Amino acid sequence: MKSLIIQEDKYTPYISFEVETNQFEIAGESYSEYTLHFFEPVLEWLNQYLAQNNRPITFNFRMTYYNTSTSRRFFEILKILEDFYQHNSIAMSVNWFANSNDMDMIEAGEDYQEDFSNLPFNILIQETK
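Below, the structure is looked at part by part. (Residues numbered from 1 in each chain as written. Predicted model: local features only at pLDDT ≥ 70, side-chain atom pairs only at ≥ 80, totals over all residues. Heavy atoms only, no water.)

Some details on the packing of aromatic side chains
1) Next: Scanning all chains against the criterion turns up 19 aromatic pairs.
2) Next: Considering the side-chain rings of Phe-17 and Trp-45, the 5.5 Å spacing of their centres and the 50° angle between planes classify their relative orientation as tilted. Of this pair, Phe-17 sits in strand β2 (residues 14-18) while Trp-45 is found in helix α1 (residues 35-52), placing the two residues 28 residues apart along the sequence. Of the two residues examined, Phe-17 and Trp-45, each falls in the buried class.
3) Next: Between Tyr-66 and Phe-74, the aromatic rings sit 5.1 Å apart at their centres with planes inclined by 55°, giving tilted as the arrangement.
4) Next: Taken together through their ring pairs, the aromatic side chains of Phe-17, Phe-24, Phe-38, Phe-39, Trp-45, Tyr-49, Phe-59, Phe-61, Tyr-66, Phe-74, Trp-96 and Tyr-112 make up a single cluster. (Phe/Tyr/Trp six-rings, centres within 6.5 Å; stacked < 30°, edge-to-face > 60°. Helix = DSSP H or I, 4+ residues; strand = E, 2+ residues; numbered from the N terminus. Buried < 20%, exposed > 50% of the residue type's maximum accessible area, 1.4 Å probe, protein only.)

Observations concerning a negative patch on the surface
1) Next: Together, Asp-104, Glu-107, Glu-110, Asp-111, Glu-114 and Asp-115 make up a region of like negative charge exposed at the surface.
2) Next: Turning to its location among the elements, Glu-114 is positioned in helix α3 (residues 103-115). (Patch = residues over 30% accessible without salt bridge, like charges linked within 9 Å, V, L, I, M, F, W, Y side chains within 5 Å. Areas by Shrake-Rupley, 256 points an atom, 1.4 Å probe, with all protein chains shown as cover. Salt bridge = Lys/Arg side-chain N within 4 Å of Asp/Glu carboxyl O. Lys, Arg positive; Asp, Glu negative; His and termini not counted. Charge placed at Lys NZ, Arg CZ, Asp CG, Glu CD.)

Considering the side chain of Asn-67
1) Next: Assignment of secondary structure puts Asn-67 in the loop between β4 (57-66) and α2 (68-87).
2) Next: For Asn-67, a relative accessible area of 16% puts it in the buried group.
3) Next: Looking at Asn-67, its side chain comes within polar contact range of the main-chain oxygen of Ser-32, at 3.1 Å.
4) Next: In this structure Asn-67 touches Ser-30, Tyr-31, Ser-32 and Thr-35, once residues within four positions along its chain are discounted. (Polar contact = N/O pair within 3.5 Å; in protein donor to acceptor, adjacent residues only side chain to side chain. Contact = heavy atoms within 4.5 Å.)

Focus: α3
1) Next: Between the first and last C-alpha of α3 there are 18 Å, a value that for 13 residues agrees with the 18 Å anticipated at 1.5 Å per step.
2) Next: Among the residues of α3, Met-105, Ile-106, Ala-108, Gly-109 and Tyr-112 are the ones counted as buried. The arc enclosing the buried residues of α3, seen along the axis, measures out at 160°, which places them on a common side. Opposite the buried face of α3, by more than 90 degrees, sit the exposed residues Asp-104 and Glu-114.
3) Next: Residues of α3 that are buried in the fold lie against β4, α2, β5 (92-99) and β6 (121-126). (Expected span 1.5 Å × (residues − 1). Arc of directions from axis to C-beta.)

A word on the pairing of β4
1) Next: Where strand β3 (residues 23-30) meets β4, 8 bridges bridge the pair, whose relative direction is parallel. Paired with Ser-30 across the bridge in β4 is Tyr-66.
2) Next: Relative to β5, β4 runs parallel, the two sharing 5 bridges. Bridged to Phe-59 within β5 is Val-94.
3) Next: Since β4 and β5 lie parallel, the crossover through α2 that links them has a hand, and here it is right-handed. (Pairing = 2+ DSSP bridges. Right-handed = clockwise from strand over helix to strand, strands pointing away.)

Now the structure itself:
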């Protein structure tokens, strides 16, 4: 499979799912009203890729803002990753990046960490300059 790269635009995040390195990232802002339309091909690609993947994966969330609709899509992505991780003996690391002064993003990461306690889920707090 080819890597999935979607450039960030005004309402949707940057998506970089690199198959050569197995480094996957969602970054930026996401506040489209039509998140299902945007994320559906991402979810399909992820399911197809994981069905044939046998190498460790690092999945990074580097969001600065996202809306409630996007949070549902993140939940779906994390559910896919958790199912894969539980049914395969393949290493995985999920990293949630947040600035030290962004309590909403830190709390969101904590909520996902709690919801997906079977995933190796790290909250990485970066000092704000």
